[in-house]
Amino acid sequence: MKSTKVQKFMLFTLGRWFEEANEKIKDKPLEVSISKSAFIGMIKNAGFAKKQERAIYKNLEILEKKKLVIYKNKELELTEKGRKLFEEIKKEVTPYLIVFIKLKEKNPVSYTKKVQTIFK
């Protein structure tokens, strides 16, 4: 069964959260973890999803049924299958994100010598 866009979004968000959070403690022999409720709160507080908490929770349950995430010791974890799908999604969206970041961090006009303008 294929994952929906929403499920992929949830999986990608969880995977990126783990990457970023673990990056902050990479010099220590630790690994971060997050509970379902804390993850749902993070999604809501960051404005990543406009859905109700119950809908986000249901999507996490679906990811569990698909064996993409597991809920172990009251903490969420990506399974091997979940990590592989996360990496596929990341590989697919990274080129788009790079364009977005590059155009945001530097004036887009600076990348070319000839720029034209038109009246609107």
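Heads up: the structure comes first, above all this text.
From a predicted model like this one, the values you see are computed outputs, not experimental measurements.

Participant: Just to check I follow, could you spell out helix α3 (residues 53-65) for this structure?
Facilitator: In an α-helix, one full turn covers 3.6 residues, which means residues spaced three or four apart are oriented alike. For α3, built from 13 residues, the straight-helix expectation of 18 Å at 1.5 Å per residue is met to within 8% by its first-to-last C-alpha distance of 19 Å. Where α3 is concerned, the buried positions are I56, N59, L60 and L63. Axial view of α3: buried residues confined to an arc of 100 degrees, hence all on one face. Buried residues along α3 sit against α1 (5-24), α2 (36-46), β1 (69-72) and β2 (75-78). Backbone geometry just downstream of α3 places K67 in the positive-phi region, at approximately 60 degrees.

Participant: Please clarify how the pairing of β1 should be interpreted in this entry.
Facilitator: Here is the key point about a regular strand: its side chains alternate between the two faces of the sheet. Pairing analysis gives four bridges linking β1 to β2, with the strands arranged antiparallel. Bridge assignment links Y71 to a residue of β2, and that residue is L76. Here β1 folds back onto β2 in antiparallel fashion, the turn holding two residues, of which N73 has a positive phi close to 50 degrees.

Participant: I would appreciate a short explanation of the side chain of T13 in the present structure.
Facilitator: Checked against the element boundaries, T13 lands in helix α1. In this structure the side chain of T13 is engaged in a polar contact, spanning 2.7 Å, whose partner is the backbone oxygen of F9. Ignoring any residue separated from it by four or fewer positions in sequence, one finds T13 in contact with F39, M42, I43 and F48.

Participant: In this structure, what is going on with the layout of surface pockets? I would like to understand it.
Facilitator: Once rolled over the atoms, a probe with the size of a water molecule shows which space is left empty. The volume enclosed by the largest pocket comes to roughly 290 Å³. If you trace the largest pocket, you find 14 residues lining it, with F18, N22, E31, L78 and R83 closest to the centre. Secondary structure elements with two or more residues in the lining of the largest pocket: α1, β2 and α4 (80-105). Here the lining of the largest pocket is built from residues that sort into five nonpolar, three polar and six charged. Of the pockets and cavities examined, the second largest pocket occupies roughly 250 Å³. Along its surface, the second largest pocket is lined by K5, K8, F9, F12, L85, E88, I89, E92, V93 and L97. Looking at the lining of the second largest pocket, the elements with two or more residues in it are α1 and α4. Looking at the lining of the second largest pocket element by element, the count peaks at six residues for α4. Here the residues of the lining of the second largest pocket are counted per class, giving six nonpolar, no polar and four charged.

What counts, and at which threshold
Residues numbered from 1 in each chain as written. Predicted model: local features only at pLDDT ≥ 70, side-chain atom pairs only at ≥ 80, totals over all residues. Heavy atoms only, no water. Helix = DSSP H or I, 4+ residues; strand = E, 2+ residues; numbered from the N terminus. Expected span 1.5 Å × (residues − 1). Buried < 20%, exposed > 50% of the residue type's maximum accessible area, 1.4 Å probe, protein only. Arc of directions from axis to C-beta. Contact = heavy atoms within 4.5 Å. Pairing = 2+ DSSP bridges. Polar contact = N/O pair within 3.5 Å; in protein donor to acceptor, adjacent residues only side chain to side chain. 1 Å grid on protein atoms, 1.4 Å probe; cavity = no way out; pocket = protein on both sides within 12 Å on 5 of 7 lines; lining within 4 Å. Points joined across faces, edges and corners; volume = space filled by probe spheres on them. Nonpolar A, V, L, I, M, F, W, Y, C, P; charged D, E, K, R; others polar.

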